[in-house]
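Working through the structure, step by step
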Amino acid sequence: MLKDSPRAYGRVTRILHWLVAVLIVTQLSSVFVNALWKDNAFSQAIFPWHTTIGVSVLILMAVRTSWSLSQRRRRPPHEGGLQRLAIVGHVVMYALLILMPLSGALMTWGMGYGVHLFGKAWFEGADAPWAASFGGLHGTFAWLLTLMIVGHVCMAMYHHFRLRDGTLRRMLGPAPD
């Protein structure tokens, strides 16, 4: 099943969700681990790929946002205050998942370093103070996204263990009949 349904998220939604999740957790954990333990092997292995991973997240989020909008009528209805809050939370998280890598790319470009993907310069650097200034929000976006992710995981656990409403199972795959 490629498309979403009220019973389960489709394969495309699930692949995009978990791929972005793995990339973001890799990015954030490498930065946070490096803050606690300077020059550790994990962070040093990930850091050369930081921009490539970030731009990949940006591209995936463009695809994911378009796909999500195309599937919104196929998903379970969102009724009640908790469901409306979930919609707002997802919109904020999507915005941060776009703004964070965008700010990082603009920061490196605007500071003259250029944007390097897979070891190759795709965009030469420029002296663009406005871009570097917007890039100054990169860390703030990372902290806000981290808080949103923690809230997202907590709510998934709440739905799974307390409400037992199948929300988490829909993202893991089709529910058994």
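Let us look at the structure shown here. Everything quoted here is computed from the prediction, not taken from an experiment.

Here we look at the side chain of His138
- Position of His138 relative to the elements: it lies in helix H6 (residues 138-163).
- In this view, His138 contacts His50, Met100, Ser103, Gly104 and Met107; residues no more than four positions away in its chain are not counted.

Some points on the packing of helix H1 (residues 11-36) against helix H3 (residues 50-71)
- It is at 10 Å that the axes of H1 and H3 come closest, and there the two elements cross at 150 degrees. Classified by the angle their axes make, H1 and H3 are roughly antiparallel. Of the two possible hands of crossing, H1 and H3 adopt the one that is left-handed. Where H1 approaches H3, its residues Val12, Thr13, Leu16, His17, Leu19, Val20, Leu23, Ile24, Gln27 and Val31 are matched on the opposing element by His50, Ile53, Gly54, Ser56, Val57, Leu60, Met61, Val63, Arg64 and Trp67.
- Of the residues assigned to the contact of H1 with H3, the class counts are 13 nonpolar, six polar and one charged.

A word on a nonpolar patch on the surface
- Residues Leu82, Leu85, Val88, Val92, Met155, Tyr158 and Leu163 make up a contiguous nonpolar surface patch of about 570 Å² in total accessible area.
- Among the elements of the structure, helix H4 (81-110) and H6 are those that each provide at least two residues to the nonpolar patch.
- Top element by residues in the nonpolar patch is H4. It accounts for four residues.
- The topology assignment puts Val88 in helix H4.
- We classify Val88 as partly exposed; its relative accessible area is 48%.

Let's talk about the pattern of salt bridges
- This model, assessed by the stated rule, comprises one salt bridge.
- A salt bridge links Arg75 to Asp4, with the nearest nitrogen and oxygen atoms 2.6 Å apart. Taken together, the residues Arg75 in the loop between H3 and H4 and Asp4 in the segment before H1 connect sequence positions 71 residues apart.
- Relative accessible area serves as the criterion here: at 0%, Asp4 is assigned to the buried category.

Considering the packing of H1 against H6
- As a packed pair, H1 and H6 sit with axes 12 Å apart at the nearest point and diverge in direction by 125 degrees. With respect to H6, the axis of H1 lies oblique. Of the two elements, H1 crosses H6, and the hand of that crossing is left-handed. Facing His17, Ile24, Leu28 and Phe32 of H1, the residues of H6 in contact are Ala142, Trp143, Leu145, Thr146, Ile149 and His152.

A short note on the nonpolar core
- Formed by 18 residues in total, the largest nonpolar core has its most connected members in Val20, Ile24, Val57, Met61, Leu97, Met100 and Leu145.
- At the level of secondary structure, the elements contributing two or more residues to this core comprise H1, H3, H4 and H6.
- Residues within four places of Val57 in sequence aside, it is in contact with Leu23, Ile24, Leu97 and Pro101.

How each quantity is defined
- Counting restarts for each chain, with residues numbered from 1 along the sequence as it is written.
- Per-residue local features of the predicted model are confined to residues with pLDDT of at least 70, and side-chain atom pairs are confined, for both listing and counting, to 80 or more; whole-chain, interface and lining totals are unaffected and use all residues.
- Hydrogens and water molecules were not included; the side-chain quantities draw on all heavy atoms of the structure.
- Helix and strand definitions follow DSSP, with helices as H or I runs of at least four residues and strands as E runs of at least two, each counted in order from the N terminus.
- In what follows, residue pairs with any heavy atoms lying within 4.5 Å of each other are defined as contacts.
- To define axes, lines are fitted to C-alpha atoms, for helices over the stretch in contact only, and angles between the resulting N-to-C directions are given on a 0 to 180 degree scale.
- Roughly parallel refers to an angle under 35 degrees, roughly antiparallel to one over 145, roughly perpendicular to one between 65 and 115, and oblique to any angle outside these ranges.
- By definition, turning the near helix anticlockwise from the far helix through less than a right angle yields a left-handed crossing, and turning it clockwise yields a right-handed one.
- The residue classification treats Ala, Val, Leu, Ile, Met, Phe, Trp, Tyr, Cys and Pro as nonpolar and Asp, Glu, Lys and Arg as charged. All others, Gly included, are polar.
- Exposure above 30% relative accessible area and the lack of any salt bridge qualify a residue for a patch; like charges then connect within 9 Å, and the nonpolar side chains Val, Leu, Ile, Met, Phe, Trp and Tyr within 5 Å.
- In these tables, accessible area is a Shrake-Rupley quantity obtained with a 1.4 Å probe, and a residue counts as shielded only by the protein chains included in the view.
- Salt bridge criterion: a side-chain nitrogen from Lys or Arg within 4 Å of a carboxyl oxygen from Asp or Glu.
- We call a residue buried when its accessible area falls under 20% of the maximum for its residue type, exposed when it is over 50%, and partly exposed in between, using a 1.4 Å probe and counting protein chains only.
- Side-chain atoms within 4.5 Å link the members of a nonpolar core, which is a set of buried Ala, Val, Leu, Ile, Met, Phe, Trp, Tyr and Cys residues.

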